[in-house]
Amino acid sequence: GTGCPYTITREWTVTDNSGNTTTSTQVITVEDNELPVLVGVPMDTTVSCGNVPDTAMVSAIDNCDANLVINYSEDISDICPYQITREWTVTDDCGNTITSTQVITVTDEANPVIVGVPTDTTVSCESIPLAPNLGTDLYGTDDCDDNVDILFSEIAGPGPCADSYTITRIWTAQDNCGKEDIRTQVITVVDTVGPILVGIPNDTIVSCDAIPAEANVSGTDN
């Protein structure tokens, strides 16, 4: 037969010279109660990001079934340190099933790095630079996290002299494991342009009784 368990029927027939015939049979029932064996499943391991091993080449052997099909699956947890659970399952023709797993614990040892932070600078009032564009001009890199979150804040403070002030720009990058990189730029804003008087009348010549009233002069500053 071809089922499981299957049978082997052996038959012997003997005939004498007078044509008398005798037949006897033997029925062998073949059972498979032995599990298949997975070969090459690696041991559990702990690695850092960037050193996750390739999927192992696992094979299977069985005492009865020569055409085994291995099913493979992989699950990744969302905690940190995260775990990769790799699972191999094989079932023989008689329904005997075995499953083996490898758990890879992936640790994050390095902080993220912010790229594109401008250097400290001193500028005049009308030349304050714009903050870099997040994600293009300024972004974060990390060996584990492909999408590093960056928070931006700006604080004003006193400058080194009167009519000057500072702008402190702060960028904070955080990866999925809570590791941070904090970078700052200090912009010192100074006043290098004098004020402008508006409304100064032109020089003029008048008689004593025609002196004009004082002009209404105002001032502007950048």
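Everything below is about the structure printed above this text.
Worth saying up front: this structure is predicted, and the values here are computed from it rather than measured.

The next thing to look at is the packing of aromatic side chains. If you walk through the whole model with that rule in mind, you get two aromatic pairs. Look at Y72 and W88: their rings are 5.3 Å apart centre to centre, the planes differ by 45°, and that puts the pair in the tilted class. Of this pair, Y72 sits in strand 6 (residues 70-76) while W88 sits in strand 7 (residues 82-91), placing them 16 residues apart in sequence. Judged by relative accessible area, which is 36%, Y72 ranks as partly exposed. Here W88 falls in the buried class, since its relative accessible area comes to 3%.

Glancing now at the side chain of T107. Relative to the assigned elements, T107 resides in strand 8 (residues 97-107). Among residues more than four places away in sequence, those in contact with T107 are T46, V47, S48, C49, P81 and C144.

Glancing now at the sheet that holds strand 8. If you walk across this open sheet you meet the four strands as 4-8-7-6, and the pairing is mixed. What marks the edges here is a single partner per strand, and that holds for strand 4 (45-48) and strand 6. In this sheet, neighbouring strand axes are inclined to one another by 20° on average, regardless of whether the strands run parallel or antiparallel. As defined by bridge partners, strand 7 adjoins strand 8 across ten bridges and the pair is classed as antiparallel. Paired with E87 across the strands is T101, a residue of strand 8.

Attention now moves to the side chain of D108. Tracing the backbone through its elements, the reader meets D108 in the loop between strand 8 and strand 9 (113-115). Although buried, D108 forms no salt bridge, and the nearest oppositely charged side chain, K179, lies 5.9 Å from it. The contacts of D108, once residues within four sequence positions are left out, are C49, D142, D143, C144, D175, C177 and K179.

What follows deals with the pattern of salt bridges. Under the counting rule described, the total for this entry stands at three salt bridges. For R86, the salt bridge identified is with E74, shortest N-O distance 2.9 Å. Linking R86 in strand 7 with E74 in strand 6, this pair joins segments that are twelve residues apart in sequence. Note on E74: relative accessible area 40%, which makes it partly exposed. Where E154 meets R169, a salt bridge forms, and the shortest distance between an N and an O atom there is 2.7 Å. You can see E154 sitting in strand 12 (residues 149-158) and its partner R169 sitting in strand 13 (residues 165-174), a full 15 residues away along the chain. By relative accessible area, which is 45% here, E154 ends up partly exposed.

A few words on a nonpolar patch on the surface. A cluster of nonpolar residues, V37, V39 and I61, forms a patch on the protein surface that exposes about 240 Å² of accessible area. Mapping V37 onto the fold places it in strand 3 (residues 37-39).

Before going further, it helps to examine the sheet that holds strand 13. Taken in spatial order, the four strands of this open sheet run 10-14-13-12, and their pairing is mixed. A single partner strand is all that each edge strand has here, and the edge strands are strand 10 (121-124) and strand 12. On average, each strand axis in the sheet is tilted by 25° relative to the strand beside it, whichever way the strands run. As defined by bridge partners, strand 12 adjoins strand 13 across ten bridges and the pair is classed as antiparallel. Paired with S153 across the bridge in strand 13 is I170.

What follows is about the state of the cysteines. All told, the structure shown has two disulfides when counted by the stated rule. The disulfide bridge from C49 ends at C144, spanning 1.4 Å between sulfur atoms. Its torsion about the S-S bond being 100°, the disulfide of C49 and C144 is classed as right-handed. Separated by 95 residues along the polypeptide, C49 in the loop between strand 4 and strand 5 (59-61) and C144 in the loop between strand 11 (139-141) and strand 12 bring together distant segments of the chain.

Glancing now at the environment of R183. Structurally, R183 is set in strand 14 (residues 180-190). Sequence separation between R183 and W171 is twelve residues, and the spatial gap between their C-alpha atoms is 5.3 Å. Excluding residues that lie within four positions of it along the chain, R183 makes contacts with V113, I114, V117, R169, I170 and W171. Within polar-contact distance, the side chain of R183 engages the side chain of D181 at 3.1 Å.

What counts and how
Each chain carries its own residue numbering, running from 1 in the direction its sequence is written. Totals for whole chains, interfaces and linings use all residues, but because this is a predicted model, local features are given only for residues with pLDDT of at least 70 and pairs of side-chain atoms are given and counted only at 80 or more. Think of the side-chain values as coming from all heavy atoms in the structure, minus any hydrogens and water. For Phe, Tyr and Trp, where Trp contributes only its six-membered ring, two rings pair if their centres lie within 6.5 Å, and the inter-plane angle classes them as stacked under 30 degrees, edge-to-face over 60, or tilted in between. To qualify as a helix, a DSSP run of H or I must reach at least 4 residues; to qualify as a strand, a run of E must reach at least 2; elements of each kind are numbered from the N terminus. Each residue is assigned to one of three classes by its accessible area relative to the maximum for its type, calculated with a 1.4 Å probe on protein chains only: buried under 20%, partly exposed between the two thresholds, exposed over 50%. Residue contacts follow a heavy-atom distance rule, with two residues in contact if any of their heavy atoms lie within 4.5 Å. Pairing between two strands is assigned when DSSP locates at least 2 bridges connecting them. As a rule, the C-alpha atoms of each element are fitted with a line to give its axis, helices using only the stretch in contact, and angles between N-to-C directions run from 0 to 180 degrees. Just so you know, the count uses Lys and Arg for positive and Asp and Glu for negative, and it drops His and the chain ends. Basic side-chain nitrogens of Lys or Arg form a salt bridge, by our definition, when they fall within 4 Å of a carboxyl oxygen of Asp or Glu. Only residues whose relative accessible area exceeds 30% and that take part in no salt bridge are eligible for patches, with like-charged residues grouped when within 9 Å of each other and nonpolar side chains (Val, Leu, Ile, Met, Phe, Trp, Tyr) grouped when within 5 Å. Areas reported here follow the Shrake-Rupley algorithm with a probe of radius 1.4 Å; residue values treat only the protein chains shown as occluding. Throughout, disulfides are identified as pairs of cysteine sulfur atoms within 2.5 Å of each other. Polar contact is the term for a pair of N or O atoms within 3.5 Å; when the atoms are in protein, one must be able to donate a hydrogen and the other to accept it, and sequence-neighboring residues count only if both atoms are side-chain atoms.

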